[in-house]
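Here is how the chains run, residue by residue.
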Amino acid sequence: MQDRRREWLAAIATVADETALAQVESRLLGKKGELQELLRSVSQLDKSERPAAGKALNELKQDVEAALAARRATVSAQSMERELAATGFDPSQPGPRRRIGSLHPITIVQQELVDLFTSMGFSWQDGPEVETEHYNFDALNIPGDHPARESQDTFWLDDGNLLRTHTSPVQVRTLRRFAKDFQPPLKVIVPGRCFRAETVDKSHEHTFYQMEGLVVDRKVSVANLIHTMKTCLRVVLGRQDLKVRLRPGFFPFVEPGFELDVNCPFCGGKGCSVCKQSGWIEILPCGMVHPNVLRQGGIDPEQYTGFAFGMGLQRVVMLRYGIDDIRLFMGGDLRFLRQFPTVSK
Ligand code: DAH
């Protein structure tokens, strides 16, 4: 029996792969295997010898099983190593790092603006991106034959609606909603996506973001408008020494209407290529809400006045980060997008 044991354990120890191991296992422990043969021979022994022989065979079986299990572990580890060596894979190297996305620069600036304006008592209003001709144009004092429609060429839908060309339609929508039980002051901002049928180039996009602002109360004046804009731009452009100036600008839904400029944050007003040597940068259009628009919103212009502004978010983001091509925002170039933080401040 000792010879058998030595021979079997040696056979197991020299097996090189899993197939050979399975063959040895069935030769030794299989139904027609050598161990079964030995067990059968026990019955031919003398009765007194049978228990001892049976016990010895049982121990042999356990030893063989243990040796097979140990060899199986070794052989499979070796075959794994061979496989890994062939592919050049190194399991001790760290895994690929998970990429965390970053915030889009327009999102960053929009969030900052929303935080700032809500801290000044404004509330956030939303409006539909698919707008009616009425709210997008007529209610804003831009009738069908008005030349101002030319500058806002847009995408019309088959049902006569359109993709809104600006966030201003939400002015009248909001006024109407508030008009029923109007509690002045009304202070809202409307960040949102707008569309125009533009030929895309360095400074024009067919899809862009604006943030509309609207304040209506008794005795609202241009002074309030200037103060609000100064506060907002100082925070967004990060400069305390920011100056603003108003130039006349025409928009049918404001009277008077203005173009608001800031002293160039790049040269401090001395003149540089960004401000085209003028020292000033045009930042946003604004004005005092036209009485017709207040009327459209159900507000009595004899009692109330208001100011409004329409900020082009891309423009502010470009100034803030020194970006010179508007197409980068929609271009999906990850090298551009990865430069921005993953979470807001
Ligand atoms: N909605 C105008 C545009 O996109 C911008 C604008 C001008 C908005 C004057 C205003 C404003 O609220 O008062 O061209």
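Everything discussed here concerns the structure shown above.
A quick note: this is a predicted structure, and the numbers were derived from the prediction, not measured. Starting from 1, residues in each chain are numbered consecutively following that chain's sequence as written. Totals for whole chains, interfaces and linings use all residues, but because this is a predicted model, local features are given only for residues with pLDDT of at least 70 and pairs of side-chain atoms are given and counted only at 80 or more. Note that water and hydrogens are dropped before the side-chain values are worked out from all heavy atoms of the structure.

### Structural notes on the environment of glutamate 34
Logical step 1: Where helices and strands are cited, they refer to DSSP runs of H or I of at least four residues and of E of at least two residues respectively, numbered from the N terminus. Turning to its location among the elements, glutamate 34 is positioned in helix H3 (residues 34–42).
Logical step 2: Distance from glutamate 34 to tryptophan 8, taken between C-alpha atoms, is 10.0 Å for residues 26 residues apart in sequence.
Logical step 3: The contact partners of glutamate 34, leaving out residues within four places of it in the chain, are Trp8, Arg27 and Leu28.
Logical step 4: For the purposes of these results, a polar contact is taken to be a pair of N or O atoms within 3.5 Å, where, inside protein, one atom must be able to donate a hydrogen and its partner to accept one; residues adjacent in sequence count only when each atom of the pair is a side-chain atom. Here tryptophan 8 takes part through its side chain, which lies 3.1 Å from a polar atom of the side chain of glutamate 34. A contact between two residues is defined here by any heavy atoms of the two lying within 4.5 Å.

### Some points on the packing of aromatic side chains
Centre-to-centre distance and the angle between the planes together describe a pair of aromatic rings.
Logical step 1: Pairing of aromatic rings covers Phe, Tyr and the six-membered ring of Trp, with a centre-to-centre limit of 6.5 Å; geometry is then stacked below 30 degrees between planes, edge-to-face above 60, and tilted otherwise. Enumeration over the complete set of coordinates arrives at 7 aromatic pairs.
Logical step 2: Three or more aromatic residues joined by ring pairs make a cluster, and in this case those are Tyr321, Phe329, Phe336 and Phe340.
Logical step 3: Positioned over the ring face of tyrosine 135 is arginine 173, at 4.2 Å from the centre of the ring. Counting as a charge over the ring demands two things of the Lys NZ or Arg CZ atom: a distance within 6 Å of the ring centre and an angle within 35 degrees of the ring normal.

### Thoughts on the nonpolar core
Logical step 1: By size, the foremost hydrophobic cluster in this structure holds 47 residues, and its most contacted members are Leu113 and Phe117.
Logical step 2: Going through the elements one at a time, helix H5 (105–119), strand E5 (207–217), helix H8 (222–237), strand E7 (254–263), strand E8 (280–289), strand E9 (305–312), helix H10 (313–321) and helix H11 (334–337) are the ones with two or more residues in this core.
Logical step 3: No other element matches H5, which puts 7 residues into this core.
Logical step 4: Among all residues touching phenylalanine 117, those that are not within four sequence positions of it are Phe122, Ile189, Met211, Thr228, Met229, Cys232 and Phe309.
Logical step 5: Residues grouped as a nonpolar core are buried Ala, Val, Leu, Ile, Met, Phe, Trp, Tyr and Cys residues, joined through side-chain atoms within 4.5 Å. Only protein chains enter the calculation, and the probe is 1.4 Å; a residue is then buried if its accessible area is under 20% of its type maximum, exposed if over 50%, and partly exposed in between. In this structure, Ile142, Leu175, Leu186 and Phe253 belong to the second largest nonpolar core, which totals 23 residues.

### Comments concerning the sheet that holds strand E6 (residues 244–248)
Logical step 1: Overall, mixed pairing links the 7 strands, which are arranged E1-E4-E5-E9-E8-E7-E6 in an open sheet. Edge positions in the sheet fall to strand E1 (123–124) and E6, since each has one partner strand and no second.
Logical step 2: Bridging between E6 and E7 involves 5 bridges; their strand directions are antiparallel. Across the sheet, arginine 245 pairs through a bridge with aspartate 261, a residue of E7.
Logical step 3: Lying on the sheet, helix H7 (residues 169–179) is in contact with strand E4 (186–195), E5, E8 and E9; it crosses E4 at an angle near 145°. Any two strands between which DSSP finds at least two bridges are classified as paired. Each axis is a line fitted through C-alpha atoms, taken for helices only over the stretch in contact, and angles between the N-to-C directions span 0 to 180 degrees.

### Some details on the site of the ligand
Logical step 1: In the vicinity of the ligand there are 16 residues, among which His166, Ser168, Arg196, Gln210 and Glu212 approach most closely.
Logical step 2: Measuring from a nitrogen atom of the ligand, one finds a side-chain N or O atom of histidine 166 at 2.8 Å.
Logical step 3: Only the protein chains shown count as cover for residues, with accessible areas throughout obtained via the Shrake-Rupley method and a probe of 1.4 Å. For the ligand, the protein covers 95% of the area, taking 350 Å² as the surface of the free molecule.
Logical step 4: Of all the elements in the fold, those that place two or more residues in the shell around the ligand are E5, E8 and E9.
Logical step 5: Gly is placed with the polar residues, together with every amino acid not listed as nonpolar (Ala, Val, Leu, Ile, Met, Phe, Trp, Tyr, Cys and Pro) or charged (Asp, Glu, Lys and Arg). For the shell around the ligand, the per-class residue count stands at 7 nonpolar, 7 polar and 2 charged. Residues are classed as near a molecule or strand on a simple rule: at least one heavy atom within 4 Å of it.

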